[in-house]
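Read off the chains here:
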Amino acid sequence: MGRFQGSTVLISGGARGQGAVEARLIVAEGGCVLLTDILDAEGEALAAELGPAARFLHHDVTEEAGWARAVSAAEALGPLRGLVNNAGIYIPKTLMETDAALFERHTRINQLGCFLGMQAVVPAMERAGHGSIVNISSTAGLRGSPGAIAYSATKWALRGMTKAAAIDLAPRGIRVNSVHPGPIDTEMLKIRTPEENAVRTRLVPMQRNGTAEEVAKLVLFLLSEDSSYMTGAELAIDGGASL
Ligand code: NAP
């Protein structure tokens, strides 16, 4: 019997990248997944590949009403016991290059989206008996990240929001932890040139980028009962990049 048998996990921004790998591993371990994203074609294709244990729903994480629809769709698959606040954007600009609109766009998607998601799943997780929320931050939420002030602001915010929510939700049987990936080979890094990426990789003590599979295994650990006494923790998965 898999660790996720009889449980549903909602993954935002799950059409591709890290979220998609997490969905595959959860279904392989007997669970159901409700995938949401704004990338409809990729999301529908992934849900079709995963079969009846998965469903895709178009949802922009900044839309509050859409969160209620996502939670209902997740509960239709089974008791909602996991949320991965994974959706995010990374448009790196320095302090002097960043305008208010770009700053606010990061805040709305990366930070407000996470807040709305945590709030939306609480009643469903209480109905399910317990729950685990994993907020995907970054090493940019553990130290200064060059040329990405708006992204950094939101990823530091997720770290603090995780700890505040962990305290608020512990009495309700819901754990909240943050994951801080270093450079992970997904589409997100393609916004930087190969040369820029090579420079960043050389700064990683392990001298390589991580894979979506490596992050997904950590996320599944935090979602599962294997981490039953962990809440409010911040876990770096970065080849030593934040040291
Ligand atoms: P990814 O493939 O770009 O996945 C992020 C997904 O979120 C994309 O499908 C993206 O769609 C979607 N998204 C963007 N805005 C959204 C919105 N408003 N509502 C719903 N979905 C939205 O990159 P990834 O590496 O898997 O990223 C997953 C998480 O890891 C993100 O939170 C990211 O910040 C974090 N992270 C990544 C790295 C890395 O090196 N890759 C490092 C540290 C942390 P669009 O493409 O249309 O925007």
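None of these values were measured; they are calculated from a predicted model. (Residues numbered from 1 in each chain as written. Predicted model: local features only at pLDDT ≥ 70, side-chain atom pairs only at ≥ 80, totals over all residues. Heavy atoms only, no water.)

(A) Inspection of the side chain of lysine 155 at higher detail. Relative to the helices and strands, lysine 155 resides in helix α5 (residues 149–169). Buried lysine 155, no salt bridge; nearest opposite-charge side chain is glutamate 22, N-O distance 11 Å. Leave out the neighbours within four places in its chain, and lysine 155 touches Asn110, Ile136, Ser137, Ser138, Ala140 and Gly141. (Helix = DSSP H or I, 4+ residues; strand = E, 2+ residues; numbered from the N terminus. Buried < 20%, exposed > 50% of the residue type's maximum accessible area, 1.4 Å probe, protein only. Lys, Arg positive; Asp, Glu negative; His and termini not counted. Salt bridge = Lys/Arg side-chain N within 4 Å of Asp/Glu carboxyl O. Contact = heavy atoms within 4.5 Å.)

(B) Just the sheet that holds strand β5 (residues 131–136), in detail. Strand order in this open sheet of seven strands is β3-β2-β1-β4-β5-β6-β7, and the pairing throughout is parallel. Looking at which strands have only one partner, the edges of the open sheet turn out to be β3 (54–58) and β7 (234–237). Averaged over all neighbouring strand pairs, the angle between strand axes comes to 20°, with direction disregarded. The pairing of strand β1 (residues 8–12) with strand β4 (residues 80–85) spans four bridges and is parallel. Among the inter-strand pairings, threonine 8 is bridged to a residue of β4, identified as leucine 80. Taken strand by strand, α5 contacts β5, β6 (174–181) and β7, and its axis lies near 160° from that of β6. (Pairing = 2+ DSSP bridges. Axes fitted to C-alpha atoms, helices over the stretch in contact; angles between N-to-C directions.)

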